[in-house]
Amino acid sequence: MNVSVGAYCGDDRPCIERIEARRAYAWPASQVSAQLQSGDECFVLRLDGCCVAYAFFQTVLDQSDLLLIVVDSDHRRHGLGNTLLTEAIKALATRGVVSVFLEVRESNTPAIALYDAMGFEVTGRRKGYYPMHGRESVTESYAAKGLAAKELREDALMMRYSIASL
């Protein structure tokens, strides 16, 4: 099994669009397209030459925001997210980036575990930042209390990674 991480190239686009369309809380195709054309950083992890994970970053001066990191559902729980994020941060460091920031749904425990293991630190919380649509069990329990699904919101944890700790 050959794993490599590199910059996005046009050949990766169909794979990224396919993976993105399959995930919960997927970005609209227009947003993915705009991000790929923005000039911001996109790193791709390839397994035996095939794209199975990607990460979008937006960098301003010496700070970078991780906008999105996705590992194809068929390839999760094998350390690929850690490999992708580690290699992307190393590449950003060579460009002078000293801090990486991100926001993550409070309920996204696998992502939070990855970020914690890598040394990201929680720096804050955005109350009610994400909508909770599509969560049937939560929606049903709130509906029983007389609340509309559109009222359901989830907090975002704000996290920071200092590249000096790499």
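Use the structure listed above.
Undergrad: If you had to explain the sheet that holds strand β3 (residues 50-60) to someone new, which residues and values would you point to?
TA: With mixed pairing, seven strands are arranged side by side in an open sheet as β1-β2-β3-β4-β5-β7-β6. With one partner strand each, in any of the chains shown, β1 (3-7) and β6 (121-131) form the two edges of the open sheet. Across this sheet, the average inter-strand angle for adjacent strands is 25°, counted without regard to direction. Pairing of strand β4 (residues 63-71) with strand β5 (residues 99-105), which is carried by three bridges, proceeds in the parallel orientation.

Undergrad: I'd like a rundown of the nonpolar core, residues and numbers included.
TA: Within the largest apolar cluster, 31 residues are counted, with the highest numbers of intra-cluster contacts made by Phe 57, Leu 66, Leu 85, Val 100, Tyr 115 and Phe 120. For this core, the secondary structure elements donating two or more residues are β2 (41-47), β3, β4, α3 (80-94), β5, α4 (109-118) and β7 (153-162). Per-element accounting of this core gives the leading share, seven residues, to α3. In this structure, Val 100 is in contact with Phe 57, Ser 64, Leu 66, Ile 89, Leu 92, Phe 120, Met 159, Arg 160, Tyr 161 and Ile 163, ignoring residues within four places of it in sequence. Counting residues in hydrophobic clusters, the runner-up holds 13 residues, among them Cys 15, Trp 27, Cys 51 and Phe 56.

Undergrad: Summarise α3; cite the residues concerned and give the values.
TA: Taking 1.5 Å per residue as the helical rise, α3 with its 15 residues ought to reach 21 Å, and the 21 Å between its terminal C-alpha atoms agrees with that figure. Within the span of α3, buried status applies to Leu 80, Gly 81, Leu 84, Leu 85, Thr 86, Ala 88, Ile 89, Ala 91 and Leu 92. Taken from the residues just after α3, Gly 96 is the one with a positive phi, measuring 95°.

Undergrad: So what's going on with the pairing of β4? Which residues, and what values?
TA: Alignment of β3 against β4, held across eight bridges, turns out to be antiparallel. Residue pairing across strands places Phe 57 opposite Leu 66, the latter belonging to β4. Taking the residues between adjacent antiparallel strands as the criterion, β3 and β4 are bridged by two residues, where Leu 61 takes a positive phi near 55°.

Criteria and cut-off values
Residues numbered from 1 in each chain as written. Predicted model: local features only at pLDDT ≥ 70, side-chain atom pairs only at ≥ 80, totals over all residues. Heavy atoms only, no water. Pairing = 2+ DSSP bridges. Helix = DSSP H or I, 4+ residues; strand = E, 2+ residues; numbered from the N terminus. Axes fitted to C-alpha atoms, helices over the stretch in contact; angles between N-to-C directions. Core = buried A, V, L, I, M, F, W, Y, C linked by side-chain atoms within 4.5 Å. Buried < 20%, exposed > 50% of the residue type's maximum accessible area, 1.4 Å probe, protein only. Contact = heavy atoms within 4.5 Å. Expected span 1.5 Å × (residues − 1).

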